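# Structural features, examined
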Amino acid sequence: MRKPLAILLLWCAALLQGWGQQFDIQVIQEFNLGNRIGKLRAVPVACSAEKRGILLVWSADKEIDPYIEMFYPPTDRLKLAMVDLDGRELWRKELDDMTLNGIWFTPVFPFDLDGDGSEEIWFVRNTDREHPLSYHNLRLEAMDPSTGKTLARYPWPHTVNRETLSHTFRNFILGGYVHGEPVLVTAQGTYGKMGLQAWGKGMEKRWEKVILESDEGSRGSHMCPLVDINGDGSDEVMWGERCINLDRGETLFIADRLEYNGHSDVVQPVWDYRSARWFLYTCRESGEDGSIKPRVVLFDHRGQRVWTDLEKGHMDLGWTAQVSDSRGSVAYTISRGGKRAGPDGFYRMNVVEYTYETFTGDSIRLPFPVYLTVPVDLNGDGYHEFARAAGEQADRMIYDIDGNVIGNIGEKGYLAMASRFMDLPGEQLLCYYPDGTVRVWADLNARESRRASDRYGHPFYRLNQRLSATGYNLVLLGGL
Ligand SMILES: [Ca+2]
Ligand SMILES: [Ca+2]
Ligand SMILES: [Ca+2]
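Calculation notes
- Residues numbered from 1 in each chain as written.
- Chains lettered and ligands numbered in written order.
- Predicted model: local features only at pLDDT ≥ 70, side-chain atom pairs only at ≥ 80, totals over all residues.
- Helix = DSSP H or I, 4+ residues; strand = E, 2+ residues; numbered from the N terminus.
- Rg over C-alpha atoms; globule rule 2.2 N^0.38 Å.
- Buried ≥ 20, exposed ≤ 12 C-beta atoms within 10 Å, placed from the backbone.
- Contact = placed C-beta atoms within 7 Å.
- Core = buried A, V, L, I, M, F, W, Y, C linked by C-beta atoms within 7 Å.
- Pairing = 2+ DSSP bridges.
- Axes fitted to C-alpha atoms, helices over the stretch in contact; angles between N-to-C directions.
- Arc of directions from axis to C-beta.
- pLDDT = per-residue confidence, 0-100.

Of the regular secondary structure elements, the chain holds four helices and 33 strands. Compactness check: the chain gives a C-alpha radius of gyration of 22 Å against a globular reference of 23 Å for 480 residues, within 12% of the reference. Dimensions of the chain, computed from the C-alpha atoms along their principal axes, are close to 80 × 50 × 45 Å. In the chain, buried positions account for 48% of the 480 residues. Looking at the chain alone, contacts between residues at least 24 apart form 53% of all its contacts between residues at least 6 apart.

Written as structure tokens, this is what we have:
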């Protein structure tokens, strides 16, 4: 081929692939909450059919974990505030009771159960003013997103009784749709006995389910993805490796039903654009000494194994991310040694990273450190970049898939949300800093591709975007 023609063709190919589109990742909004922040969670909320906001939940304490070697007494009250998309505070509420700043004690979830166009704020509240570990005073509370006023309180189901602290305080709130009808789900437990209850429009109980410790099949995960896995218009929740339909609580399948009864730290639905099917990427904690194998599995949408890897290791974190049309999706997990958590945050020791082509299981090398990254499509091309800001040991850099540093959220920055929550092309990052500052970062050069706008419009997107303040679900959107 003659040289000028070859250069022209390369240039056209580069344009088509979006090469040359420079990232310009800047703070587009900043405000200070006027309090120290240990841990902050954030989730986008439809305050009404027209008005959207962002709910912030925080205190001066770092995440309070129920495991007795990680639990510590709170030093500050939990606060909730709604800000609009211009960063103006609409209301704030400081709780006067012992509701703890911990994702397992106090899941928070916006959901329009009554169908009036406004997403109530659902959360687990400990109404006891003296006992941080009261079990009998836990309530499910619904709050008005426009005012912060309590709308209703219900008893919180007591599935787990007389168990360890770590087993007792594992609470989830989630929700999805059955042919357009909203279904709210409350759930308890992760490692042993577990319970799920589904609620319809007027809080009438739609179904409930108890999974006994002796029942075969997997335990729960720290993630609770919602996905219509069989495309029939009725959502499923992945409860660990159990696929449960929201209509009647029917279990569609339990992946590795007879081989695995443990807890999986990662359960990630991942969409294969080529076969137009869902897959499930799972990374396992129980049996880390090799007593339960394998440690990493990709299942198809019926729960059948596609590939497996590793015989040993406590697999602790992971995601999948869509990286290009030709490559499809990549996956990562880590194994770890020890872990400590307390008033200084979370630290993992002896972290080893594993990376794969998602659909083949081929081992690959990614040219950036993946531990503590969250996939995010900042430039709006429909493919993920990676914000390495989800914890104390993160370097706060933002990487592209080629390993280039394209941004930096700054010292002591922590990521609370990575999705499209502003009226702007591409996805944004919401980050917080110990001095009370909240910053929204975005790519000023972002342009929205067709693939990206289809992604934001996909039901999976909003279903799982709502989960950023319940469970460890911050990475779930990387599946699409
Ligand atoms: Ca409502
Ligand atoms: Ca379904
Ligand atoms: Ca991108």
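This part takes up the nonpolar core. Of all hydrophobic cores here, the largest spans 123 residues; its most connected members are A42, L55, L415 and C431. Apart from the residues within four sequence positions on either side, C431 is in contact with A389, I409, G413, Y414, L415, A416, R439 and W441.

Reading across from one edge, β27-β28-β29-β30 is the order of the four strands in this open sheet, with antiparallel pairing throughout. Each edge of the sheet is formed by a strand with only one pairing partner; in this case those strands are β27 (373-376) and β30 (405-408). Each neighbouring strand pair of the sheet contributes to a mean axis angle of 25 degrees, computed without reference to strand direction. Sheet topology note: the strand β29 (residues 397-399)/β30 ladder contains three bridges and is antiparallel. Looking at β30, one finds that Y399 is bridged to V405.

Attention now goes to helix α3 (residues 450-457). Because each turn of an α-helix spans 3.6 residues, side chains separated by three or four positions in sequence point in the same direction. Turning to α3, its buried residues number three or more, namely A452, R455 and Y456. One side of α3 holds all its buried residues, which, seen down the axis, span an arc of 95 degrees. Looking at α3, the residues exposed on the side facing more than 90 degrees away from the buried face are R450, D454 and G457.

Per-residue pLDDT for the chain has a mean of 95; in total, 96% of the residues score no lower than 70. Note that pLDDT drops below 50 for residues 13-19; the model gives that stretch three contacts with residues more than four away or on any other chain.

This part covers the sheet that holds strand β11 (residues 181-188). Taken together, four strands build an open sheet; the order of strands is β10-β11-β12-β13 and the sheet is antiparallel. Strands with a single pairing partner mark the edges of an open sheet, and in this sheet they are β10 (171-178) and β13 (205-211). The average angle at which neighbouring strand axes cross in this sheet is 15 degrees, direction not considered. In this structure, β10 lies alongside β11, joined through eight bridges in antiparallel fashion. By the bridge assignment, G175 is partnered in β11 with L184.

Every second residue of strand β15 (residues 236-239) is oriented toward a common face, with E236 and M238 on one face and V237 and W239 on the other, all of them buried. Pairing of β15 with strand β16 (residues 242-245) involves four bridges; the strand directions are antiparallel. Looking at the pairing, W239 lines up with R242 of β16. Counting the residues between successive antiparallel strands, the hairpin from β15 to β16 contains two residues, one of them, G240, with a positive phi of roughly 60 degrees.

Here we take up the environment of T168. By secondary structure assignment, the location of T168 is in helix α2 (residues 165-168). Judged by local crowding, T168 falls into the buried class, with 21 C-beta atoms found within 10 Å. Sequence-wise, T168 and S134 are 34 residues apart; in three dimensions their C-alpha atoms are separated by 11 Å. Here T168 is in contact with P66, Y135, V160 and E163, once residues within four sequence places are set aside.

The next point concerns the pairing of strand β24 (residues 339-342). Taken together, the four bridges between β24 and strand β25 (residues 345-348) define a ladder with antiparallel strand orientation. Residue pairing for β25: G342 is matched across the bridge by G345. Hairpin geometry of β24 and β25 is characterised by an intervening segment of two residues between the two adjacent antiparallel strands.

The next subject is the environment of A341. Locating A341 in the fold gives a position in strand β24. Separated by 277 residues in sequence, A341 and I64 have C-alpha atoms that sit 8.4 Å apart. Among residues more than four places away in sequence, those in contact with A341 are D65, M70 and F346.

The next subject is unusual backbone geometry. Residue K293 is joined to P294 through a cis peptide bond whose omega torsion reads -10 degrees. Mapped onto the fold, P294 is located in the loop between β19 (277-284) and β20 (296-299). At L372, a position not held by glycine, the phi torsion is positive, near 75 degrees.

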